[in-house]
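Below, each chain spelled out in residue letters.
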Amino acid sequence: MIKPILRTTIILFVCLLGVSTMNAQDIHFSQFYQSPLLLNPSLTGHMPAKFRINAMYRRQWPTITSGRAVYETPMIGFDANLLRGEKKYNSLGLGLHLMNDRNSGGLLNNIEIMGSIAYHLDLKKNMKTYLSAGLQVGVINKRLDVEEILFGDEIDPDGNATMQTQEIFPFSSIWLPDFRLGLTFAGFPSLKTRYKIGVGLYHLTQPRETFLDIDNKLPLRLVAHADARFGSRTIGLEPKILFQTQARAMELVGGLLLDLGIIRKASLYIGGEVRADGSVDGGIGLDAGNAIVGLRLDDWDVGFSYDFNISNLTTGTGGRGAIEFSLIKIFRRAYKVEPILPAIRYN
């Protein structure tokens, strides 16, 4: 039973790679592992608890615009782990997340509302090996503040904005339906070791995305990710990797966290990541690195990261990139039903 399921997973992964010829890049966080509903629909309800609340905030490149962030992104999500009970090994996950991404200081505003469902199959019925499949359905609203944009044809020969622009936008706000799929394979060999490998495909219907009266589609995005934990209850190494491609653009992120137990049910983690960006045609090169620090206290996980820009944009940013905060709160003590996925902090 297990081998055919794994074979199907691998075949789907290869198929997803084949359709990943894509023209823009979606929103994502440096602490991608802290936003499970955004990372992969199959991670909905994938936790050692009954309920989970997740919040993220990112602020990027305020030095370019004199203190006003070029990108600012808050996100909040909620998901639940259902059906798990006595003599029931499989589980159903339900979730909802809301994100608001403000580009260019708010000139372009993106709001995303997505509901998700996932099913977690216990392959060996021993709570050690799971195959999860998930679906997300929702809407994206993109709003352009045309009145605040300064176009090139508004600038006269003396450099003053005195001219009337000829740019015409039939739409300043558009709504896009969106559908996403994901698969995750996870293993828990022991309390000291865990791992997961996942793949997701976003914008399955490639909805029409334009403020003009032209045919422009939101391109597909492929995401592949993996992470693990090795060590003991008091000290552990947590490697993480993320690859995604959209519209022929590519991104690769690799990182490592060191988790150190400080008191009972509390640990401090520190580490960092390196990010490389590029394209299918032009190759890939280093773009940024970040430092990460966080605290896990009982059912709370709070993280902070700071990005350092190391690309050609360093001149404009002074090497400073973005700050990012993450928060995860899980709820498990008030419920007699045992949760699925019995891991140590498996977010």
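Structural data are supplied above this passage.
As the structure is a prediction and not an experimental result, all values here were calculated from the model.

Draft legend 1. The overall build of the chain, seen in detail. Within the chain, the secondary structure is distributed over 3 helices and 14 strands. Burial analysis of the chain (347 residues in total) assigns 47% to the buried set. When the accessible surface of the chain is split by element, carbon and sulfur atoms take 64% of a total near 16800 Å².

Draft legend 2. Geometry of the pairing of strand 2 (residues 71–82). For strand 1 (residues 51–60) and strand 2, the ladder comprises 10 bridges, and the chain directions are antiparallel. Residue pairing in the sheet places arginine 52 in a bridge with aspartate 79 of strand 2. Pairing of strand 2 with strand 3 (residues 91–103) involves 10 bridges; the strand directions are antiparallel. Residue pairing for strand 3: leucine 82 is matched across the bridge by leucine 92.

Draft legend 3. Structural detail: the pattern of salt bridges. Applying the stated criterion across every chain yields a total of 20 salt bridges. Residues glutamate 324 and arginine 58 are paired through a salt bridge, measuring 2.7 Å at the closest nitrogen-oxygen approach. A residue pair is termed long-range when its members are at least 10 positions apart, and glutamate 324 in strand 14 (residues 320–331) and arginine 58 in strand 1 qualify at 266 residues. Judged by its relative accessible area of 0%, glutamate 324 is buried. The partner of aspartate 301 in a salt bridge is arginine 296, and the shortest N-O contact between them spans 3.2 Å. Here aspartate 301 falls in the buried class, since its relative accessible area comes to 0%. Given a relative accessible area of 4%, arginine 296 falls into the buried group. Through salt bridges that share partners, Arg194, Lys196, Asp227, Arg229, Glu238, Lys240, Asp259, Arg296 and Asp301 make up one connected network.

About the thresholds
Residues numbered from 1 in each chain as written. Predicted model: local features only at pLDDT ≥ 70, side-chain atom pairs only at ≥ 80, totals over all residues. Heavy atoms only, no water. Helix = DSSP H or I, 4+ residues; strand = E, 2+ residues; numbered from the N terminus. Buried < 20%, exposed > 50% of the residue type's maximum accessible area, 1.4 Å probe, protein only. Areas by Shrake-Rupley, 256 points an atom, 1.4 Å probe, with all protein chains shown as cover. Pairing = 2+ DSSP bridges. Salt bridge = Lys/Arg side-chain N within 4 Å of Asp/Glu carboxyl O.

That's the geometry; what it means functionally is another story.
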